[in-house]
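Tertiary structure, described
Letter by letter, the chains look like this.
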Amino acid sequence: MGITVGDLGDGVTASQGFIQILNELSGSFESRSAILQIDNHTKMTLAFWAQKDVHGGCHELPPDKIPPGHSGVFSAQSIGLATGVQGTVSYLGSGFSFTAGWDVPFLGSNSAGARIDGEMGARYSKFSINGVGNQRVHMRYDLKADVLDYAEIDAKYHALAAETLSLGGPTSPEMFNTDNVGKRREYEYGVIYWSPSTTAHEVHGAILHKWTELGREKYGYPVSDELPAPDGGAVSHFQRMIDRQIFRGSIYWSPPTGAHEVQGLIRDAWWQRGGPGGLLGYPIADEEPWPGMGRLSRFQNGSISWKADDGTITVIGP
């Protein structure tokens, strides 16, 4: 028999769209349709990463986040008569990815499967259940921790100390950030931030001050510890999801220029010309609006602009 709402178990809450999906699919629908349910039995929020529709498409999109102890529920359906529905969706945890796949063919048996990839994947286990029938087929996937989740912020702190980078003593407990996805802990001389898709990294000094000005996790989570850059400078890299796309930015610091951010296509064009070690040198300002045109970043020896209407990149300088 198919999986029902009652099969979720204690402590697992279906998404608000679950009943709506059932109601919509109970009316008119194409030749094949499925309701997909991912149960998150870990202590971390799973973050949407990628979706692939082989046949058909998602009727209700997968949720951007699946909090601990909750279920992410969405639906897929065929897009024509005498066709099936098949696809995958992937979520990111800390140091691993979880991919769920489904196939409700026009002819043949249904199938569902799940896969865990990544260096931390061995800590977790999964199972999947095939639904029956070919309309409103329930397919269920479960992810759980086989060992206790590691305290990654604490582990990062001790690893940094072993590398002689001391952030000083902690000045706060481990706290959830305002996005309810990542966590942080404050120290005397810096911070350590963690999220499921970026793991734990430190930020300190002038780069931390600039990152705080930019809104910290609103600008993006750190994907690196502070790294050395040319001529005695330093850099930290960041990323966040915007409308299911990955935004990437960096904050560079040098003694003569201070700390400034560079992002997106302008950053890519600057890197292609050697970045801070190239002829343009370090950024001397954050990326700024280019009135009536697009965006602009200024460097020690020139500038790079991006036009919003056609994506043209223009470099002025040596």
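Predicted model only: the values in this text are computed from it and were never measured.

**Considerations on the sheet that holds strand β4 (residues 65-66)**
Spatially, 5 strands are ordered β4-β2-β6-β7-β8 in an open sheet, and the strand pairing comes out antiparallel. Taken across any chain shown, the strands that pair with only one partner, and hence form the sheet edges, are β4 and β8 (111-117). Where strand β2 (residues 46-55) lies against β4, 2 bridges are found, and the strand directions are antiparallel. Residue A47 lies in a different strand from β4, and its bridge partner there is K65.

**Observations concerning the side chain of E186**
Of note, E186 is situated in strand β12 (residues 183-187). Among the polar contacts listed, one links the side chain of E186 to the side chain of R184, at a separation of 3.5 Å. Residues contacting E186, with those up to four places away along its chain left out, are P170, T171, S172, M175, V191, Y193 and R216.

**Describing the sheet that holds strand β23 (residues 313-316)**
Pairing within the open sheet is antiparallel, and its 4 strands lie in the order β20-β21-β22-β23. For this open sheet the edge positions go to β20 (288-290) and β23, each flanked by a neighbour on one side alone. Averaged over all pairs of adjacent strands, the angle between strand axes in this sheet comes to 30°, irrespective of strand direction. Pairing geometry for β20 and strand β21 (residues 294-299), over 3 bridges, is antiparallel.

Cut-offs applied
Residues numbered from 1 in each chain as written. Predicted model: local features only at pLDDT ≥ 70, side-chain atom pairs only at ≥ 80, totals over all residues. Heavy atoms only, no water. Pairing = 2+ DSSP bridges. Helix = DSSP H or I, 4+ residues; strand = E, 2+ residues; numbered from the N terminus. Polar contact = N/O pair within 3.5 Å; in protein donor to acceptor, adjacent residues only side chain to side chain. Contact = heavy atoms within 4.5 Å. Axes fitted to C-alpha atoms, helices over the stretch in contact; angles between N-to-C directions.

These figures capture arrangement, not role.
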